[in-house]
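Chain by chain, the residues run as shown.
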Amino acid sequence: MQTYDWIVIGAGITGASLSYELTQQGYSVLLLDVDRNPPSATRFSYGGIAYWSGTTDLTRQLCTEAKIIHQNLSAELDADTEFREIDLLLTIAPESNPETLTAAYANFATPPQFLTIESACELEPLLDPNGIAGALTVKHGHINAAKTAQAYIQAMQRSTGTYTIATVTQLLKTSVLTTEGEFFAANIVLCMGALTRQFLKNSGISIAQYFTHAEIIEIPSSSVQLSTLVMPAEAERFTLEANASRDDAIWDQPGQEPTPAILDAGAVQFRDSRILIGQVSRTLTDPNAAIDARQSEADLRKKISRVLPKVSELAGTWQHCLVAFSGDRLPLVGKIPGHETLHVFSGFGNPLAIVPPLARRFAIQSKGTPDALLQQVSLERFTKNG
Ligand SMILES: Cc1cc2nc3c(=O)[nH]c(=O)nc-3n(C[C@H](O)[C@H](O)[C@H](O)COP(=O)(O)OP(=O)(O)OC[C@H]3O[C@@H](n4cnc5c(N)ncnc54)[C@H](O)[C@@H]3O)c2cc1C
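Along each chain, residues carry numbers from 1 onward, in the same order as the chain's sequence is written. This being a predicted model, a pLDDT of at least 70 is required before a residue's local features are given, and a value of 80 or more before pairs of side-chain atoms are given or counted; all residues contribute to the totals for chains, interfaces and linings. The basis for every side-chain value is the complete set of non-hydrogen atoms in the structure, without hydrogens or water.

Caption draft 1: Main features of the overall build of the protein chain. Numbering of helices and strands starts at the N terminus; helices are DSSP runs of H or I of at least 4 residues and strands are runs of E of at least 2. Each helix and strand in the protein chain was counted, giving 12 helices and 17 strands. The globule rule is 2.2 Å times the number of residues to the power 0.38, and the radius of gyration it is compared with is taken over C-alpha atoms. The C-alpha atoms of the protein chain give 20 Å as radius of gyration, which agrees with the globular expectation for 386 residues (21 Å, within 12%). Residue contacts are counted whenever heavy atoms from the two residues lie within 4.5 Å of one another. A fraction of 75% describes how many contacts in the protein chain between residues 6 or more apart in sequence connect residues 24 or more apart. Only the protein chains shown count as cover for residues, and all accessible areas are computed by the Shrake-Rupley method using a 1.4 Å probe. If you sum the accessible surface of the protein chain, you get close to 16400 Å²; carbon and sulfur atoms cover 50% of it. All tallies of charge rest on Lys and Arg as positive and Asp and Glu as negative; His and the ends of each chain are not included. Note on charges: their place is set at NZ of Lys, CZ of Arg, CG of Asp or CD of Glu. Each charge sign in the protein chain was given a centre, from 29 positive and 40 negative side chains, and these centres are 2 Å apart.

Caption draft 2: Spatial organisation of the packing of aromatic side chains. Only Phe, Tyr and Trp rings are paired, with Trp represented by its six-membered ring, and only when their centres lie within 6.5 Å; those with planes under 30 degrees apart are stacked, over 60 edge-to-face, the remainder tilted. In total, this model carries 12 aromatic pairs according to the counting rule given. Geometrically, the ring pair formed by W6 and Y27 is edge-to-face, given 6.2 Å between the ring centres and 75° between the ring planes. Here W6, found in strand β1 (residues 3-9), pairs with Y27, found in the loop between α1 (13-24) and β2 (29-33); they are 21 residues apart in sequence, far enough to count as distant. The exposure classification of W6 matches that of Y27, with both residues buried. When the ring of F345 is compared with that of F362, the centres are 5.8 Å apart and the planes differ by 75°; the resulting orientation is edge-to-face. Pair noted here: F345 is in strand β17 (residues 339-346) and F362 is in helix α10 (residues 355-365), with a separation of 17 residues, a long-range link. For the pair F345 and F362, one class covers both residues: buried. Of the aromatic side chains, those joined through ring pairs into one cluster are W6, Y27, F345, F348 and F362. Placement of a charge over a ring requires the Lys NZ or Arg CZ to be within 6 Å of the ring centre, with the centre-to-atom vector within 35 degrees of the ring normal. Looking at R329, its charged tip hangs above the ring of F238, at a distance of 3.8 Å from the centre. The positively charged end of K367 is found above the aromatic ring belonging to Y27, 4.6 Å away from the centroid. When accessible area is computed with a 1.4 Å probe and restricted to protein chains, residues below 20% of their type maximum are described as buried, those above 50% as exposed, and intermediate ones as partly exposed.

Caption draft 3: Expanded view of helix α7 (residues 237-244). Regarding α7, the residues found buried are R237, L240, E241 and A244. The buried residues of α7 all sit within an arc of 95° when viewed along its axis, so they share a single face. Summarising the geometry, the arc corresponds to the directions from the helix axis toward the C-beta atoms.

Caption draft 4: Region of interest: helix α5 (residues 145-158). Taking 1.5 Å per residue, 14 residues should reach 20 Å; α5 reaches 20 Å between its end C-alpha atoms and fits that length. Residues A145, T148, A149, A151, Y152, I153, A155 and M156 constitute the buried set of α5. In protein, a polar contact requires one atom able to donate a hydrogen and another able to accept it; more generally it is a pair of N or O atoms within 3.5 Å, and residues adjacent in sequence count only if both atoms are side-chain atoms. Looking at where α5 begins, the residue whose side-chain oxygen comes 3.2 Å from the main-chain nitrogen of A146 is N144. Helix span is expected to be 1.5 Å times the residue number reduced by one.

Caption draft 5: Layout of the site of the ligand. Around the ligand there are 34 residues in total, and T14, D33, T42, G48 and L352 lie nearest to it. Between an oxygen atom of the ligand and a side-chain N or O atom of T14, the distance comes to 2.7 Å. A total of 1000 Å² of accessible area belongs to the ligand in isolation, and the protein chains cover 93% of it. Elements with a minimum of two residues in the shell around the ligand: α1, β2, β11 (209-219) and β15 (317-326). Residues are grouped as follows: Ala, Val, Leu, Ile, Met, Phe, Trp, Tyr, Cys and Pro are nonpolar; Asp, Glu, Lys and Arg are charged; every other residue, Gly included, is polar. Here the residues of the shell around the ligand are counted per class, giving 20 nonpolar, 13 polar and 1 charged. Each domain's extent was defined by an automatic or database domain assignment. Taken together, domain 1 (3-80 + 144-208 + 328-384) and domain 2 (86-140 + 209-326) each give at least three residues to the shell around the ligand, which thus spans both. Put simply, a residue is near a molecule or strand once any heavy atom of it comes within 4 Å of that molecule or strand.

Caption draft 6: Geometry of the UniProt feature "domain: FAD dependent oxidoreductase" (unreviewed entry) in the protein chain. UniProt positions are given in the numbering used here, feature names are shortened, and annotations may be inferred rather than shown by experiment. Mapped onto the present numbering, the UniProt feature "domain: FAD dependent oxidoreductase" (unreviewed entry) falls on residues 5-362. Its end C-alpha atoms 14 Å apart, residues 5-362 is made of 28% helix and 31% strand.

Caption draft 7: Geometry of the nonpolar core. For this analysis, a nonpolar core means a set of buried residues of the types Ala, Val, Leu, Ile, Met, Phe, Trp, Tyr and Cys, connected via side-chain atoms within 4.5 Å. Core analysis: the largest hydrophobic core is formed by 45 residues, its most contacted members being L18, L22, V189, F345 and L358. When near neighbours in sequence (up to four residues on either side) are disregarded, L358 contacts L62, P331, F345, F348, L373, L374 and V377. Counting 28 residues, the second-largest nonpolar core is a separate cluster that includes I217, V224, L308 and V311.

Caption draft 8: Examining the pairing of strand β9 (residues 175-178) more closely. At least two DSSP bridges between two strands are needed for those strands to be called paired. By the bridge criterion, 3 bridges tie strand β8 (residues 168-171) to β9 in an arrangement that is antiparallel. Looking across to β9, one finds that Q170 is bridged to L177. Between β8 and β9, which pair antiparallel in sequence order, lie 3 residues. Two strands pair when backbone bridges link them, and β9 and strand β10 (residues 181-190) are joined in this way by 4 bridges, in the antiparallel orientation.

Caption draft 9: Looking closely at the domain arrangement of the protein chain. On domain assignment, one finds that the protein chain holds domain 1 (3-80 + 144-208 + 328-384) and domain 2 (86-140 + 209-326). Computed from C-alpha atoms alone, the centre-to-centre distance between domain 1 and domain 2 is 25 Å. Each salt bridge in this description consists of a side-chain nitrogen of Lys or Arg and a carboxyl oxygen of Asp or Glu lying within 4 Å of one another. The interface formed by domain 1 and domain 2 holds 5 salt bridges in total. Between K201 and D252 there is a salt bridge whose closest N-O contact spans 3.4 Å. One can count 19 residue pairs in polar contact (both at pLDDT 80 or more) joining domain 1 with domain 2. Of all the secondary-structure elements, those providing two or more residues to the side of domain 1 that touches domain 2 are β3 (48-49), α6 (196-201) and α12 (380-384). Considering each element in turn, the side of domain 1 that touches domain 2 owes the most residues, 4 residues, to α6.

Caption draft 10: Up close: the packing of helix α2 (residues 57-77) against α10. The contact between α2 and α10 brings their axes to 7 Å, and the two run at 90°. The angle between the axes of α2 and α10 places the two elements in the roughly perpendicular class. Taken together, the residues of α10 that come into contact with α2 (itself represented by Q61, L62, E65, A66, I69, H70 and E76) are P356, P357, L358, R360 and R361. Split by residue class, the contact of α2 with α10 holds 6 nonpolar, 2 polar and 4 charged. What counts as an axis is a line fitted to C-alpha atoms, over the stretch in contact for a helix, and the angles between N-to-C directions run from 0 to 180 degrees. Note on angle classes: values under 35 degrees are labelled roughly parallel, values over 145 roughly antiparallel, values of 65 to 115 roughly perpendicular, and the remainder oblique.

Structure below.
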C-alpha cells in the first residue's frame, strides 16, 4: 500500500499550483480530479491578474509576489501560460458619476486612470461611445488559467507528483475513498473550489465558504479583435458576495437564494481568438440548481450589446460553472481546526493574483517554518469570531 505525503483533491488552478509547489518541497503528491477537462471555474476563467489591486499590506505583498511568479512561470514550468500584460478597461455606465467612481479606486496599489469617452474608444475601438460615460484603465496581467493549471500539473508529474482521474466520494483521516479505490496520505488538502463546503459538510465539518453560479457565453473563435479586457467599473459581484455571506446557515439548505442575481457585463479574448462574454453571478445554494439558460444568454447578450455591440452578436455557447468565495474576500488556507491531517486551500473568489504565492508559502510552511502571512488567511479567523 502506497502512502503519499499529500493527497490534493481538485486540479483547478488552486490544486494544480499547490500540487506543484508541494513537489518542489520534495513531497510525494497525488492529485485527483473527476475529469481531465471538467467544467470548472478555472476552465471558464477570464484569466485576469489584478496585481494592481492590493488595498492592504497583505494583498499588496501577495500581488507583488504574484507578478514576479507569473512573469517567470512559463519558463519555470517549461510550458506556455500565455502570460501577457493587457489594458484593463473598466467601463463607466452613462448614468454613473465618473468622478465618484475614479475616487472609489484611489486606495488601490496602482489606481486605474480615468479616460474620456473618446480616449476609451481609441483604446478599445469595439466600444459603443453611447454606452459609456468614460472608462478607467490600468495594466492588468493575463493568462490562460486552464493552460496554466495544465502547465503546473505537467511540471509536478515530472517531479514527485502523480495525477489520477478519480472522483473522491469520502474523506477519512488519512485516506480518501474514490471511484478508483482508496488512496492513503499523511495529509489531505481540499482544492475543490465551490464544492468544498458541501463535501466537508458530509464529514461533519463546517467552513465559512460559499459559491456563485457563474454564467457566460463562450465564443470558440472569432475574427472580431478585442484590444482590451472589458469589465464594468462598478462590479456588482463583490456586493453580492458580501450580502450572500451574511447568513452562513442558509448555505446548508438547498433551494435557497440568499441574494438576487447580478450581471457584470464584460468580455475577454484569448490568444487562440476564443472570447468569453460574462457574467451572471447567482447565489443558489444548490450546486445542481436548474438555470434558465436561454434567458441567461439573452440577458448577457442584451447587457453586453450596450458597450460592445459587435461582440454581442457573435455565435457562441452558454456555459455555466461554480465559483467559490468567502465572507471577507480572502481565501481559506490551512489546517481545518481540530483536524490535524486535513487542510483547505480554497474560497478564492478572484485568485489569479494571489494563488501562486500562497501555494508556494503553504508548501514551504508545511516543512515546519511558520508563516505569519498565512495566519491572516487561516480558517481560524472565522471560527474565532464565531
Ligand atoms: C467567468 C469567470 C471569470 C473569471 N475571471 C477571473 C479573473 O479574471 N481573475 C481571477 O483572478 N479570477 C477569475 N475568476 C475566478 C477564478 O477563475 C476561480 O476562482 C478559480 O479558477 C477557481 O479555481 P479552483 O481551483 O478553486 O476551483 P475550480 O477551478 O472550480 O477547480 C475545482 C476542481 O475540483 C474538482 N472536484 C470537485 N469535486 C471533486 C471530487 N469529489 N473529486 C475530485 N475532484 C473534484 C473539480 O472537478 C474541479 O476541477 C473567474 C471565474 C469565472 C467563472
